[in-house]
Amino acid sequence: MGMKYRQYLAGERIYGCSTCKTHLATIHSMISRAFNGQHGRAYLFDGVVNVVEGDPSDRQMTTGNHTVRDIYCCKCGQKMGWKYDRAYEPSQRYKEGKFILERNLLMDVQ
Amino acid sequence: MRSPELDHEPPMSVSLESTSEAGPSYLTLDKVANSNGYTNGKSASQPLSNGSSAGLHNGAHSHPPVSRVKLPGSRLYEDLLIDREEYVRLVIQSLRDVGYIESAATLEAESGYSLETGYVSEFRQCILEGSWSQAEALLPRLGVVDETSLWAVKFLIGQQKYLELLEAGKTAAALQVLRTELAPLNVGSDQLHSLSSLIMFSNPKDLCERAGWDGASGTSRDDLLFSLQRHISSTTMIPQRRLATLLSQAQLYQRQQCFYHNSPANPQTFSLFMDHECDKEDFPRVTTTILEVHTDEVWNIAWSHDGRYLASAGKDKTAIIWRIGHETEPTSRECVAELVLRDHEYCVGCLAWSLDDSILLTTADQLIKMWNAKDGTLLRTLDEHQETVTALSWLPDGSGFISGSLDRKIVTWDSDGKKRDSWPISPMRITDMAISPDFSRLVTVGMTYSSPPDASGDRGSSPALAGDDARPPRNQVIVYHMDTKEVAITIPLGGELTSVKISEDSQFALINHAPHEVHLYDLVSGRLARKFTGQHQGHHVIRSCFGGIDNNFVASGSEDANVYIWHRDTGVLLEVLSGHGNGSVNSVAWNPQNERMFASCSDDSTIRIWESAPPEISMMEPEPPIGKGKGKQQWDGVI
C-alpha cells in the first residue's frame, strides 16, 4: 500500500474521533442527523476520511435489511459507525455508499 | 616533441639552472626590446634581435641560432578558428610556467611570436615586489590609456599600497596615500570611509580580517594582479595560466557530458589524450544485498554519517539499525540487523542520525523518540506535537535538531531533547523539511489542507466532500531564513509534496511532487531548475535523494516498484532499476561515504543495497540470488 499521512479536513465544523482527534468528516458532507446507533444519536455523512472498513454483513434495521460494514478510526482503531453497502428496501437506497458516525464518539476538532 | 639537438647538448642542463646563461632567454629579449624602444611586443623585428642576443650570450655553448619558420595564414589549422599566434603564445606561457625556459625561448625565436612585451613582465614584477610608482609609470606602455581603466587600476594599486602601509604600522604614510592618492580619484565616499575606518585596527591580524585581505606576504599581491588583469588588454597581458584554464574548461565539459560520472577527479580518469567517460558498469545498478527482517512495509531509510550503518523504519512499528560491513567486496561483506528498536506505539515514519551518529531519532505518529544508536536504549520520548511528526532535521552544528509536523508546528530541540524554542506556526501542515548544510535556510513542504480522495479513483469508499473547490493553493514550499526564522520564499504548487532534500552545496532543493514528478528548485532564485519525470507517484509518500560524486545524480522511489535515477544537470533518465517486489519503493538513500552504493526500501518489507556489479556477478545479471538468511549477506552458497 505504501505510506500515507492521515487526511486533514478544512471547513467550519470538523468532526473527529473522540479518542484520538483524527479528522473524520465535515458538516458540509452531513446528510442527516436523524439516525440512531449503538450509543444513541448518529449522523449520516456523504463521505468520511481516515477510516478502515470491516467485512460486509447483513443487518436487520428498523428500516429494513441492509448490507453494512463497520468502520474504524485508522489511528486508534475505535469503532466509529458503519457504511451502507446495500439497502434491500428501494426507499432506503439513498443510503448506499454513505456513512454513519455515532455522535457520542465524535468531537469537534481543528 | 623536443628537438633532438636540445636533448643531446650537455651544457643545456647546466644553463637551465641560470637564465642569464641560457640562450635566447626571455629576459634578454626584454632588454633588447626595451633598448630598441618597442612599446608593443608584436614587432616583426623582434625575433631578429632575439636571435642575435642569443648568439652573443650563448656563443660559448655553440648553440646554433634558431631560424624563424615562416608559415602562411594566421590559423593554427586551416579548418579551425584558432589563431596560431594566440596558441603559440599560450604554449610559451605554459612552458615558462613549468620551467622549460629554453624551449620557450626557442619557440619564441622559431615562431616569431613573443609571450609578452618586457613592460608586462616588468609591471608584474613591480606589483609582486610592491614597487607601486614604477608599476603606475608603466601603465601607458601596457595600453591602459582610457580614463576609466586608468582610474580603476590606480585605485586598486593605491588601495593595496594603503593597506600594506597600515599593515606595516606606518599610519602616517598610509594616511598620506589616502589623502593624496586615493581621495583625489573621487572614489565613492562610502568606500573611502570604510578604507579610512581601517586605521583603527592597530593589530595587523584584525586589519586583515576586517579588510578581507591577507597581507603583503600573503596572496594579496597575486590577487591584485588578477584584479588588474581585467583593465589591461588580454592581448597585451595574457591572463595567468591561460592554457591550463582552457584545458580545465575542456575537462569540465567532458565531465558534464559524462552522464554516469561517478569517479573522483584524478589524472587517471582525466587524460588529455582522450575524452573522459566513466564506465557505466561502475555505476551502482545491481542489488548486492537484500535486508529482510522487517515484517511489514519499509517506509524510510537513513544512512549514518560514517556510512557504516543504515537505519530503517516502517509499518511494523519498529526501526532497525543495520551494520553494513565496510569490506569493499560485496561477497565477503556482512550486513546484520544490529538493533531492533521496538517501543513504538504506531508505525515509524522518520529517522535522523545525530552528526556524531551516537543518537538516532525516530517518529511514531506525534511522538519523537531518542535512541542511543550504539546500544539501542530509549533515551527520551518527546511529546510536544499534536499530530504526526513528519520531519526531523539535525542542525548542521550538531547542537540540536528541528521537528516539523502535520500540526503546523516547527520546534527546535537541544541535542539532549530539551525544547529550545518554537517557530511561528506554519500556514501549512508540514509533510517534510530540510536544513541547508550551510545553515542558512530551512525548507519546508506541506499542504494547507488535504484533498479528499477522488470518488472515481481506487479509493471510492470515501467520496468527495462537498464545498472544496474555492480553496487556496493546497500545497506549498516555504523557505525560511534560519537565523531570523523569517520567510524567504513561498512557492505554491499543484500537487502533493512528500519529500525535500537539499544538495551538499546548499543551492538546490529536491522535492517530490505528485503526480509523478520530482522537482529541483534553485534556493537562491526560488526558480524551478529542472523536472525529473518517469517515476510513479500518486497517493503515497515517496522520497528521493541526491547521490554520487558532486551530487551528480537524483534518485527516487516509485509506486511501480522500481528505483529511478537521473543525471542531475540534464534531467536524463539513466536507470530504472527493478528488483523490489509488489508495491511502492518508498525511499532511496545514497551512502554518504561511498558514492558507489545506495539503498532502497519497499512495501515488500525489504531493503536493497545497490552497487556496481562485481565482475563475476555481472555475468549473472539481471537478478542476484536471494538467500533465506534473514538480514545476512545474500551471496552464500551461490558464488
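Residues numbered from 1 in each chain as written. Chains lettered and ligands numbered in written order. Predicted model: local features only at pLDDT ≥ 70, side-chain atom pairs only at ≥ 80, totals over all residues. Heavy atoms only, no water.

K.L.:
What is the right way to look at the overall build of chain A in this model?
P.N.:
In terms of regular secondary structure, chain A is built from zero helices and nine strands. Mapped in sequence order, the helices and strands of chain A form the string β-β-β-β-β-β-β-β-β. Computed over its C-alpha atoms, the radius of gyration of chain A comes to 14 Å, within 12% of the 13 Å expected for a compact globule of 110 residues. The dimensions of chain A, computed from C-alpha atoms along their principal axes, are 35 × 30 × 20 Å. Taking all 110 residues of chain A together, the buried fraction comes to 51%. The contacts in chain A between residues at least 6 apart in sequence include a share of 44% that link residues at least 24 apart. Accessible area for chain A stands at about 5100 Å²; split by element, carbon and sulfur atoms hold 45% of it. (Helix = DSSP H or I, 4+ residues; strand = E, 2+ residues; numbered from the N terminus. Rg over C-alpha atoms; globule rule 2.2 N^0.38 Å. Buried < 20%, exposed > 50% of the residue type's maximum accessible area, 1.4 Å probe, protein only. Contact = heavy atoms within 4.5 Å. Areas by Shrake-Rupley, 256 points an atom, 1.4 Å probe, with all protein chains shown as cover.)

K.L.:
How do you make sense of the environment of Lys369(B) when you look at a structure like this?
P.N.:
Residues and elements named next belong to chain B. With respect to the helices, strands and loops of the structure, Lys369 is situated in strand β8 (residues 367-372). Taking relative accessible area as the criterion, Lys369 reaches 8% and is therefore assigned buried. Sequence separation between Lys369 and Leu351 is 18 residues, and the spatial gap between their C-alpha atoms is 9.7 Å. The contact partners of Lys369, leaving out residues within four places of it in the chain, are Asp343, His344, Leu360, Leu361, Thr362, Leu378, Arg380 and Thr381. For Lys369, the side chain forms a polar contact with the side chain of Thr381, separated by 3.2 Å. (Polar contact = N/O pair within 3.5 Å; in protein donor to acceptor, adjacent residues only side chain to side chain.)

K.L.:
Which parts of the structure should I look at to understand the packing of helix α9 (residues 147-167) of chain B against helix α10 (residues 171-182) of chain B?
P.N.:
When two helices pack together, you describe them by how their axes are tilted relative to each other and by the distance separating the axes. Residue and element names in this part refer to chain B. For the pair α9 and α10, the least separation of the axes is 7 Å and the interaxial angle reads 165°. One element, α9, and the other, α10, form an angle in the roughly antiparallel class. Read as a crossing pair, α9 and α10 show a hand that is left-handed. Along its contact with α9, which presents Phe155, Gly158, Gln159, Lys161, Tyr162, Leu165 and Leu166, the element α10 presents Thr171, Ala173, Ala174, Val177, Leu178, Glu181 and Leu182. Grouping the amino acids of the contact of α9 with α10 by side-chain chemistry returns nine nonpolar, three polar and two charged. (Axes fitted to C-alpha atoms, helices over the stretch in contact; angles between N-to-C directions. Parallel < 35°, antiparallel > 145°, perpendicular 65-115°, else oblique. Left-handed = near helix turned anticlockwise from the far one by under 90°. Nonpolar A, V, L, I, M, F, W, Y, C, P; charged D, E, K, R; others polar.)

K.L.:
What should I look at first to understand the domain arrangement of chain B in this one?
P.N.:
Domain annotation for chain B reports domain 1 (118-240) and domain 2 (280-449 + 473-611). Between domain 1 of chain B and domain 2 of chain B, the C-alpha centre-to-centre distance is 50 Å. (Domains from an automatic or database assignment.)

K.L.:
What is the right way to read the packing of aromatic side chains from this model?
P.N.:
Each aromatic ring pair is characterised by the separation of its centres together with the angle its planes make. Scanning the entire structure with this criterion turns up 17 aromatic pairs over all chains. Residues Trp590(B) and Phe598(B) carry aromatic rings whose centres are separated by 4.8 Å and whose planes lie at 25° to one another, so their mutual orientation is stacked. Take Trp590(B) and Phe598(B): they sit in the same class, and that class is buried. The rings of Tyr260(B), Phe283(B), Phe553(B), Trp590(B), Phe598(B) and Trp610(B) are connected pair by pair, giving a single aromatic cluster. Above the face of the Tyr346(B) ring, Lys75(A) is positioned so that its terminal group lies 5.1 Å from the ring centre. (Phe/Tyr/Trp six-rings, centres within 6.5 Å; stacked < 30°, edge-to-face > 60°. Lys NZ or Arg CZ within 6 Å of the ring centre and 35° of its normal.)

K.L.:
Would you take a moment to explain the UniProt feature "repeat: WD" (unreviewed entry) in chain B for this structure?
P.N.:
As recorded in UniProt, the sites labelled "repeat: WD" (unreviewed entry) are residues 291-324, 341-381, 382-414 and 585-611 of chain B. Along residues 585-611 of chain B one finds 0% helix and 63% strand; the C-alpha atoms at either end are 17 Å apart. (UniProt positions renumbered as here; feature names shortened; annotations may be inferred.)

K.L.:
Can you walk me through the sheet that holds strand β9 (residues 106-109) of chain A in this structure?
P.N.:
Strand pairs in the sheet, formed through backbone hydrogen bonds, run parallel or antiparallel to each other. Residue and element names in this part refer to chain A. Read from one edge of the open sheet, three strands run β2-β1-β9, paired in antiparallel fashion. Each edge of the open sheet carries a strand with a single partner, namely β2 (23-26) and β9. Each strand axis lies, on average, 40° off the axis of its neighbour in the sheet, ignoring direction. Inspection of the sheet shows strand β1 (residues 14-17) paired to β9 by four bridges, in the antiparallel sense. Looking across to β9, one finds that Cys17 is bridged to Leu106. (Pairing = 2+ DSSP bridges.)

K.L.:
How should the nonpolar core be read in this particular structure?
P.N.:
Burial of nonpolar side chains together is a common tendency in soluble globular proteins. With 19 residues, the main nonpolar core has Phe123(B), Ile127(B), Leu142(B) and Leu228(B) as its most contacted residues. Counting only elements with at least two residues in this core, the list comes to α7 (118-129), α8 (132-138), α9 and α13 (220-229) of chain B. Ranked by residue count, the leading element in this core is α7(B), at five residues. Setting aside residues no more than four positions away along its own chain, Leu228(B) makes contact with Phe123(B), Ile127(B), Val153(B), Leu156(B) and Ile157(B). Counting residues in hydrophobic clusters, the runner-up holds 17 residues, among them Cys20(A), Val51(A), Leu105(A) and Leu106(A). (Core = buried A, V, L, I, M, F, W, Y, C linked by side-chain atoms within 4.5 Å.)

K.L.:
Can you walk me through the packing of α9(B) against helix α12 (residues 204-211) of chain B in this structure?
P.N.:
All names here are of chain B. Contact geometry of α9 with α12 gives a least axis separation of 9 Å together with a crossing angle of 150°. The orientation of α9 with respect to α12, classified from their angle, is roughly antiparallel. Contact residues: Leu163, Leu166 and Glu167 in α9; Pro204, Leu207, Cys208 and Ala211 in α12. Classifying every residue of the contact of α9 with α12 gives six nonpolar, no polar and one charged.

K.L.:
Would you mind showing me how to read the confidence of the model for chain A here?
P.N.:
Regions with low pLDDT should not have their predicted coordinates read in detail. The share of residues in chain A with pLDDT of 70 or more is 100%, and the mean pLDDT across the chain is 92. Element-level mean pLDDT values for chain A span from 91 in strand β3 (residues 30-37) of chain A up to 95 in strand β8 (residues 99-102) of chain A. (pLDDT = per-residue confidence, 0-100.)

K.L.:
I tried to follow the UniProt feature "domain: Yippee" (unreviewed entry) in chain A on my own but got confused; where do I start?
P.N.:
Annotation from UniProt places "domain: Yippee" (unreviewed entry) at residues 13-110 of chain A. Between the C-alpha atoms that bound residues 13-110 of chain A the distance is 8 Å, and the span itself is 0% helix and 61% strand.

K.L.:
It is not clear to me how the environment of Ala373(B) should be interpreted in this structure. Could you clarify?
P.N.:
Residues and elements named next belong to chain B. Examined against the element boundaries, Ala373 turns out to sit in the loop between β8 and β9 (378-382). According to the relative accessible area criterion, Ala373 is buried, its value standing at 8%. For the pair formed by Ala373 and Trp413, sequence separation is 40 residues and the distance between their alpha carbons is 18 Å. If near-sequence neighbours (up to four positions away) are discounted, Ala373 is found in contact with Ile321, Leu339, Trp353, Asp357, Ser358, Ile359 and Leu360.

K.L.:
Looking at this structure, how should I read unusual backbone geometry?
P.N.:
It is generally the case that most residues other than glycine have a negative phi and that most peptide bonds are trans. Residue and element names in this part refer to chain B. Cis peptide bonds are those with omega within 30 degrees of zero, and the linkage from Ala514 to Pro515 qualifies with 0°. You can see Pro515 is positioned in the loop between β19 (508-513) and β20 (517-522). Although it is not a glycine, Lys485 adopts a positive phi angle of roughly 60°. Tracing the chain through its elements places Lys485 in the loop between β16 (475-481) and β17 (487-493).

K.L.:
What is the right way to read the side chain of Lys369(B) from this model?
P.N.:
There is no salt bridge for the buried Lys369(B), and the closest opposite charge comes from Asp343(B), which lies 6.3 Å off by N-O distance. Here Asp343(B) takes part through its backbone oxygen, which lies 3.3 Å from a polar atom of the side chain of Lys369(B). (Lys, Arg positive; Asp, Glu negative; His and termini not counted. Salt bridge = Lys/Arg side-chain N within 4 Å of Asp/Glu carboxyl O.)

K.L.:
Would you explain the pattern of salt bridges in this entry?
P.N.:
Pairs can form between side chains of opposite charge once their charged atoms are near each other. Within the structure shown, the criterion is met by 26 salt bridges over all chains. Residues Arg93(A) and Glu96(A) are paired through a salt bridge, measuring 3.2 Å at the closest nitrogen-oxygen approach. Of the residues examined, Glu96(A) reaches a relative accessible area of 29% and is grouped as partly exposed. Between Asp414(B) and Arg420(B) there is a salt bridge, with the nearest N and O atoms lying 2.7 Å from each other. Judged by relative accessible area, Asp414(B) falls into the buried class, the value being 18%. Linked by salt bridges that have partners in common, Arg6(A), Lys75(A) and Asp365(B) make up one network.

K.L.:
Just checking my understanding: could you explain the UniProt feature "domain: CTLH" (unreviewed entry) in chain B for this structure?
P.N.:
As recorded in UniProt, the feature "domain: CTLH" (unreviewed entry) lies at residues 122-173 of chain B. Strand forms 0% of residues 122-173 of chain B and helix 75%; the C-alpha atoms that close the span are 25 Å apart.

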